[in-house]
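Residue-level structural notes
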Amino acid sequence: WGLMLVLSVAIYGSHAPLLTLCKVDGMIPFSSTSVVVLVELTKLMFSLLFLLTWNRELLGVAVSWRYVAPFALSALLYAANNNLVVHMQLFMDPSTYQVLSNLKIVSTALLYSLFLRQRLSMRKWLALFLLVAAGVSYSCGGLQDPGSPSKMQLHITLVGLLLISVYCLISGLSAVYTEAILKTQALPLNLQNLFLYFFGVLLNLIGYFWSSTEGSFLEGFSSWVLVIVVSQALNGLIMSVVMKHSSNITRLFVISCSILVNALLSVTLFSLQLTLLFFVAVSCIGLAVHLYYGVT
């Protein structure tokens, strides 16, 4: 468990900087839909491999469509969100995306509490709001350009604000809905993932051909794009384990802790400097973890 969660933190935190490394003249040179299709296809292949390895006896078993169909809606929500993740980078800088995406904490926690009927105590709500506070602290100047005398400014357009709001809402809805399906069905996770990612590949392929441009499927790809595809596929599989055997709240803590990785990579790759507000954010995250998991 510990290794999976640490790896997921690293993947979440490195996603935005990796996308920045892919940019050419400030623009993303590849099709976001192509990347999403490849991520879903990679997850589907891994799920099939795991099924053949650990659940081979299920290959000849007929499964009712009432178990399969619910994953179509889940895949549809994820397809919309995964495309937004890449497209949003055009309207904001990586650090802004990383920070504002923490609004998923509020939307996911509310939907988790309402639809899964999981009552959260005041102490746990306080912990979740501390995670939000950590994101706010980070956004107010957790990182600073050493060449600029002023505090680091957030770069986001009005369209970016709209997209991040829609992203957070759909993210919470898709996560809570998927958790409900995974936990209510008495099926092995590898088989459930196979259903989910089959629809994911199908829907994203439709999206690709619907918005197909003049360029080829792999146009603008580089080694960094390959790293993004593999890492995001691996993270998707890890999150399915978390939602099946833990909860979306754990996923929220993983996302918040990824601020540490994002900051480290921003300092290393883009020569930004840490400020006092970064350490305030780290303190808020540490206190939130203690309140939610360490106090009985």
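Everything that follows concerns the structure shown earlier in this document.
Presented here is an overview of the structure given in this document. Keep in mind it's a predicted model, so treat the numbers as computed, not measured.

So, how was this worked out
- Residues numbered from 1 in each chain as written.
- Predicted model: local features only at pLDDT ≥ 70, side-chain atom pairs only at ≥ 80, totals over all residues.
- Heavy atoms only, no water.
- Axes fitted to C-alpha atoms, helices over the stretch in contact; angles between N-to-C directions.
- Helix = DSSP H or I, 4+ residues; strand = E, 2+ residues; numbered from the N terminus.
- Parallel < 35°, antiparallel > 145°, perpendicular 65-115°, else oblique.
- Contact = heavy atoms within 4.5 Å.
- Nonpolar A, V, L, I, M, F, W, Y, C, P; charged D, E, K, R; others polar.
- Left-handed = near helix turned anticlockwise from the far one by under 90°.
- Core = buried A, V, L, I, M, F, W, Y, C linked by side-chain atoms within 4.5 Å.
- Buried < 20%, exposed > 50% of the residue type's maximum accessible area, 1.4 Å probe, protein only.
- Salt bridge = Lys/Arg side-chain N within 4 Å of Asp/Glu carboxyl O.
- Phe/Tyr/Trp six-rings, centres within 6.5 Å; stacked < 30°, edge-to-face > 60°.
- Lys NZ or Arg CZ within 6 Å of the ring centre and 35° of its normal.

**What to know about the packing of helix α6 (residues 104-115) against helix α11 (residues 248-270)**
Where α6 contacts α11, the two axes come as close as 10 Å, and the packing angle between them is 175 degrees. One finds that α6 runs roughly antiparallel with respect to α11. Listed contacts from α11 to Lys104, Ile105, Thr108, Ala109 and Tyr112 of α6 are Asn248, Ile249, Arg251, Leu252, Ile255 and Ser256. The residue inventory of the contact of α6 with α11, partitioned by class, reads 6 nonpolar, 3 polar and 2 charged.

**As for the packing of α11 against helix α12 (residues 276-294)**
At their nearest, the axes of α11 and α12 sit 11 Å apart, and the two run at 155 degrees to each other. With respect to α12, the element α11 is oriented roughly antiparallel. Considering how the two elements wind past one another, α11 and α12 form a crossing that is left-handed. Within the contact between the two elements, α11 uses Ile249, Thr250, Phe253, Ser256, Cys257, Ile259, Leu260 and Ala263 and α12 uses Phe278, Val282, Ile285, Ala288, Val289, Tyr292 and Tyr293.

**Comments concerning the nonpolar core**
Judged by nonpolar contacts, the single largest core of 27 residues is most densely connected at Leu128, Leu131, Tyr138, Ile249 and Phe253. At the level of secondary structure, the elements contributing two or more residues to this core comprise α6, α7 (122-139), α11 and α12. Beyond its immediate chain neighbours, meaning those up to four positions away, Phe253 contacts Ala127, Leu128, Leu131, Ala288, Val289, Tyr292 and Tyr293. By size, the runner-up hydrophobic cluster in this structure holds 19 residues, among which are Ile181, Leu187, Leu191 and Phe195.

**A few points about the pattern of salt bridges**
One pass over the structure, following the stated rule, counts 2 salt bridges. For Glu40, the salt bridge goes to Lys43, with nearest N and O atoms at 2.8 Å. Here Lys43 and Glu40 lie together in helix α2 (residues 32-54), a separation of 3 residues that amounts to about one turn. For Glu179, the salt bridge is made with Lys183, and the minimal N-O distance between the two is 2.7 Å. Taken together, the positions of Glu179 and Lys183, both in helix α8 (residues 158-184) and 4 residues apart, correspond to about one turn of that helix.

**A closer look at the packing of aromatic side chains**
Under the defined criterion, the tally for this structure stands at 13 aromatic pairs. Centroid distance Phe71 to Phe195: 6.1 Å. Interplanar angle 50 degrees. Geometry classified as tilted. Pair noted here: Phe71 is in helix α4 (residues 70-87) and Phe195 is in helix α9 (residues 189-210), with a separation of 124 residues, a long-range link. Look at Phe71 and you get buried, because its relative accessible area is 0%. Arranged with centres 5.5 Å apart and planes meeting at 70 degrees, the rings of Phe198 and Phe199 form a pair that is edge-to-face. Phe198 sits in the partly exposed class, given a relative accessible area of 44%. Here Phe199 falls in the buried class, since its relative accessible area comes to 10%. Positioned above the aromatic ring of Tyr292, the side-chain terminus of Lys124 is 4.9 Å from the ring centre.

Limitation: the analysis is restricted to geometry and does not speak to function.
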